[in-house]
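# Overview (structure and organization)
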Amino acid sequence: MAKQLRLAVFISGTGRTLKNLIDRIRAEQLSAEIVVVVSSVANVVGLQYAEEESIPIEIIERCHYESLNEFSEANFSVCRAARADYVVLAGYFRRLEIPKDFESRVLNIHPSLIPAFCGKGYYGNIVHAKALEYGVKISGCTVHFVDQEYDTGPIILQKSVDVYEGDTPNSLNDRVFAAECQAYPEAIELLAQERISVKGRIVKIAPLKDQKRGGEIDF
Ligand code: GRF
């Protein structure tokens, strides 16, 4: 039986990832509830999804804090107060220092197959433009735990998509985003089922114990 996870979802923009998680929870495909949405930017479009669902919102902007440490603490204090089990970065564009008590409890999704096309400065369509420029034949998305650097934490799961001749950053983004909409809830559900363990860089996924759910995750 999956545990009902309490998620803090962090956004900075359009909130499509947040919307997907809300939809999955509504469809009972995700054993979770979103206890707080934190935005690094005031008045972003994505906040409307939190408002529609009456999810508490916190705006925490980097410019109001002197150091990265203070900024990070402000964010994680909100998560502690909301008793969040996991922090889900969902189109969140700020670096955070991960405190000890949140190690292996912060997730991110990146729109490439890490370690390709990732790291500082690789976000949004820049990632897809670089992939196309390089001439890769597959791309995809990566769900990973967040450590103290950009996109370097242990990988939970990846999904690939084909790259077609004539693809543009926008068309590749659409295909990768569709894969993201599967991958992120799938990874979170694995956590809810307590099937994930981390040793160093390696994430292991245990087989499903509860066969009543049909033996597979329904995505
Ligand atoms: C996607 O590129 C995702 O990989 C990255 O943020 C983008 C989605 O942002 N983490 P949003 O959910 O539309 O705000």
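Right, let's walk through the structure included here. Quantities reported herein were computed from a predicted structural model and do not represent experimental measurements.

Moving on to the layout of surface pockets. Each pocket or cavity is described by its volume, and for the largest pocket that value is around 840 Å³. Lining the largest pocket we find 36 residues, and of these Gly-91, Tyr-92, Phe-93, Asn-108 and Tyr-123 sit closest to its centre. Broken down by secondary-structure element, the contributors of at least two residues to the lining of the largest pocket are helix 1 (16–26), strand 5 (106–110), helix 4 (125–134) and helix 5 (169–192). Here the residues of the lining of the largest pocket sort into 13 nonpolar, 14 polar and nine charged. Counting contributing residues, the lining of the largest pocket receives three or more from each of domain 1 (1–102) and domain 2 (109–143 + 156–202).

The environment of the ligand is formed by Thr-14, Gly-15, Arg-16, Thr-17, Ala-90, Gly-91, Ile-109, His-110, Pro-111 and Glu-180. Between an oxygen atom of the ligand and a side-chain N or O atom of Arg-16, the distance comes to 2.7 Å. About the coverage of the ligand: the protein hides 93% of its 370 Å² of free accessible area. At a threshold of 2 Å from the grid points, most atoms of the ligand map onto the largest pocket.

Moving on, we get to the pattern of salt bridges. One pass over the full model with this rule turns up eight salt bridges. Across the pair Glu-103 and Lys-100 runs a salt bridge whose closest N-O atoms are separated by 3.1 Å. Taken together, the salt bridges that share partners define one network made up of Glu-73, Arg-80 and Asp-101.

With respect to topology, seven strands assemble into an open sheet ordered 3-2-1-4-5-6-7, the strand pairing being mixed. Every other strand in the sheet has two partners, leaving strand 3 (57–59) and strand 7 (155–162) as the edge strands with one partner each. Between one strand axis and the next, the sheet turns through 20 degrees on average, direction left out of account. As paired elements, strand 4 (residues 86–89) and strand 5 share three bridges and run parallel to each other. Residue pairing for strand 5: Leu-89 is matched across the bridge by Asn-108. Contacting strand 1 (5–11), strand 4, strand 5, strand 6 (138–145) and strand 7, helix 5 crosses the sheet at an angle of about 155 degrees to strand 7.

In this section: the packing of aromatic side chains. What the rule picks out here adds up to five aromatic pairs. Pairing Phe-76 with Phe-102 gives two aromatic rings, centres 4.9 Å apart and planes at 45 degrees, and the pair type is tilted. Linking Phe-76 in helix 3 (residues 68–81) with Phe-102 in the loop between strand 4 and strand 5, this pair joins segments that are 26 residues apart in sequence. When sorted by exposure, Phe-76 lands in the same class as Phe-102, which is buried. Over the ring of Phe-177 we find Arg-16; its NZ or CZ atom is 3.8 Å from the centre of that ring. Here the basic side chain of Arg-105 rests over the ring of Phe-102, its NZ or CZ set 4.0 Å away from the ring centre.

Definitions and limits used
Residues numbered from 1 in each chain as written. Predicted model: local features only at pLDDT ≥ 70, side-chain atom pairs only at ≥ 80, totals over all residues. Heavy atoms only, no water. 1 Å grid on protein atoms, 1.4 Å probe; cavity = no way out; pocket = protein on both sides within 12 Å on 5 of 7 lines; lining within 4 Å. Points joined across faces, edges and corners; volume = space filled by probe spheres on them. Helix = DSSP H or I, 4+ residues; strand = E, 2+ residues; numbered from the N terminus. Nonpolar A, V, L, I, M, F, W, Y, C, P; charged D, E, K, R; others polar. Domains from an automatic or database assignment. Near = heavy atom within 4 Å. Polar contact = N/O pair within 3.5 Å; in protein donor to acceptor, adjacent residues only side chain to side chain. Areas by Shrake-Rupley, 256 points an atom, 1.4 Å probe, with all protein chains shown as cover. Sits in = over half its atoms within 2 Å of the grid points. Salt bridge = Lys/Arg side-chain N within 4 Å of Asp/Glu carboxyl O. Pairing = 2+ DSSP bridges. Axes fitted to C-alpha atoms, helices over the stretch in contact; angles between N-to-C directions. Contact = heavy atoms within 4.5 Å. Phe/Tyr/Trp six-rings, centres within 6.5 Å; stacked < 30°, edge-to-face > 60°. Buried < 20%, exposed > 50% of the residue type's maximum accessible area, 1.4 Å probe, protein only. Lys NZ or Arg CZ within 6 Å of the ring centre and 35° of its normal.

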